[in-house]
Amino acid sequence: MQLADMAWPTVQALDKNTPVIFPVAALEQHGHHLPLFTDSLLLGEIIRRVSAVLCDRALFTPLTWLGNSDHHLDFAGTLSAPPRVYLDTLAGLCENFIQHGFKRLVFINGHGGNDVPGKQALFEVRQKYRQRSDLLFLFATYWNLANPNTVPGLTLKQTQMGHACEWETSMILRIAPQLVGAYREAHPVEFGNAFEPGFRAWITRERTIPGHIGFPNVANPEKGEALLQAFSSGAQNFLERVIRWDGQSWNG
Ligand SMILES: [Zn+2]
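Enquirer: Tell me what's going on with helix 3 (residues 83-99), and back it up with residues and numbers.
Expert: Its 17 residues give helix 3 an end-to-end C-alpha distance of 24 Å, which sits within 8% of 24 Å, the value for a rise of 1.5 Å per residue. Those residues of helix 3 that fall on the buried side of the exposure criterion are Tyr-86, Leu-87, Leu-90, Ala-91 and Cys-94. The arc that holds the buried residues of helix 3, viewed along the axis, is 130°, so those residues lie on one side. Exposed side of helix 3, more than 90 degrees from the buried face: Arg-84, Val-85, Gly-92 and Gln-99 are the residues found there. Contacts made by the buried residues of helix 3 are with strand 1 (20-24), strand 3 (104-109), helix 4 (115-128) and strand 4 (136-141).

Right under this line is the structure:
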């Protein structure tokens, strides 16, 4: 179900155990060869595929295209909600649907910079409603919901998501090839090892000059379709677990 298409009495009449899915993405630079809307286009495609399968078993809000992209602000065109504003916005969306009586609230994310504020938002909302035992708050980034390196017949150079990389370029080549520039000429930008397994706070321009991280030069649309299928079925399986949840257990 698409929230944007419904009238409010229909929403009010829904079973309040229906999962509410908030897709959250971004508008930010994606190198010289991909559009600024890459993250929103890709998550939108995955959500489109998943919502077509789940039909009336889950309620999908429109995609929130404004994300936390402050680390990309050295590159023109990037739009970013400041991290604390973004955190409060996601917490606010969550609280809106708690007020409407819903109990299973799920953020499906398509941008790395949303990960920390998104999880913190849910952490804070959970503490606020600590007297409740019937609430489920989840945050999941789509490329963590499947491992494409184990897909039979799919040979990838990258073993992790980069930025405007082999994976993202392949998927945009599949769904919007007219928006892709000279990706074959994009020089590889290695991931490096910045004090792993520690976390080093970063801004994008200290890792890449053109804006991409990874290997866009080996992208192709066939890889793109295989990646979209893997991530869509990963997201679908995750949401099926949310639908199956018994309403109170820790496990799900
Ligand atoms: Zn991206």
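Here the narrative resumes, following the displayed structure.
Enquirer: With reference to specific residues and values, describe the sheet that holds strand 4.
Expert: The strand order across the open sheet formed by four strands is 2-1-3-4, and the pairing between neighbours is parallel. Unpaired on one side and paired on the other, strand 2 (59-60) and strand 4 mark the two borders of the sheet. Bridge analysis of strand 3 against strand 4 gives six bridges, and the strand direction is parallel. Paired with Val-106 across the two strands is Leu-138, which belongs to strand 4.

Enquirer: Can you explain helix 6 (residues 221-244)? Please cite residues and give values.
Expert: Taking 1.5 Å as the rise per residue, helix 6 with 24 residues should run 34 Å; its terminal C-alpha atoms sit 34 Å apart, in good agreement. Within the span of helix 6, buried status applies to Lys-223, Gly-224, Ala-226, Leu-227, Leu-228, Ala-230, Phe-231, Ser-232, Gly-234, Ala-235, Leu-239 and Val-242. For helix 6, the secondary structure elements touched by its buried residues are strand 1, helix 2 (38-54), strand 3, strand 4 and helix 5 (166-175).

Enquirer: Just give me the short version of the nonpolar core, but keep the residues and values in it.
Expert: Within the largest apolar cluster, 55 residues are counted, with the highest numbers of intra-cluster contacts made by Ile-21, Ile-46, Leu-90, Val-106 and Phe-231. Sorting the residues of this core by element identifies strand 1, helix 2, strand 2, helix 3, strand 3, helix 4, helix 5 and helix 6 as the ones contributing at least two each. Here the element with the most residues in this core is helix 6; it accounts for eight residues. If we skip the residues at most four places from it in the chain, Ile-46 touches Tyr-142, Leu-228, Phe-231, Ser-232 and Ala-235.

Enquirer: Requested: an account of the pairing of strand 3, with residues and values cited.
Expert: Burial analysis of strand 3 places six of its six residues in the buried class, which makes it a mostly covered element. Burial along strand 3 is two-sided: Arg-104, Val-106 and Ile-108 facing one way and Leu-105, Phe-107 and Asn-109 facing the other are all buried. After leaving strand 3, the chain enters helix 4 and then returns to the sheet as strand 4, a path that is right-handed.

Enquirer: Tell me what's going on with the packing of helix 3 against helix 4, and back it up with residues and numbers.
Expert: At a minimum axis separation of 8 Å, helix 3 and helix 4 run at an interaxial angle of 50°. Viewed along their axes, helix 3 and helix 4 adopt a mutual orientation that is oblique. In the packing of helix 3 onto helix 4, the handedness of the crossing is right-handed. Contact residues: Pro-83, Tyr-86, Leu-87, Leu-90, Ala-91, Cys-94 and Glu-95 in helix 3; Pro-117, Gly-118, Gln-120, Ala-121, Leu-122, Glu-124 and Val-125 in helix 4. Residue composition of the contact of helix 3 with helix 4, grouped by class: 10 nonpolar, two polar and two charged.

So, how was this worked out
Residues numbered from 1 in each chain as written. Predicted model: local features only at pLDDT ≥ 70, side-chain atom pairs only at ≥ 80, totals over all residues. Helix = DSSP H or I, 4+ residues; strand = E, 2+ residues; numbered from the N terminus. Expected span 1.5 Å × (residues − 1). Buried ≥ 20, exposed ≤ 12 C-beta atoms within 10 Å, placed from the backbone. Arc of directions from axis to C-beta. Contact = placed C-beta atoms within 7 Å. Pairing = 2+ DSSP bridges. Core = buried A, V, L, I, M, F, W, Y, C linked by C-beta atoms within 7 Å. Right-handed = clockwise from strand over helix to strand, strands pointing away. Axes fitted to C-alpha atoms, helices over the stretch in contact; angles between N-to-C directions. Parallel < 35°, antiparallel > 145°, perpendicular 65-115°, else oblique. Left-handed = near helix turned anticlockwise from the far one by under 90°. Nonpolar A, V, L, I, M, F, W, Y, C, P; charged D, E, K, R; others polar.

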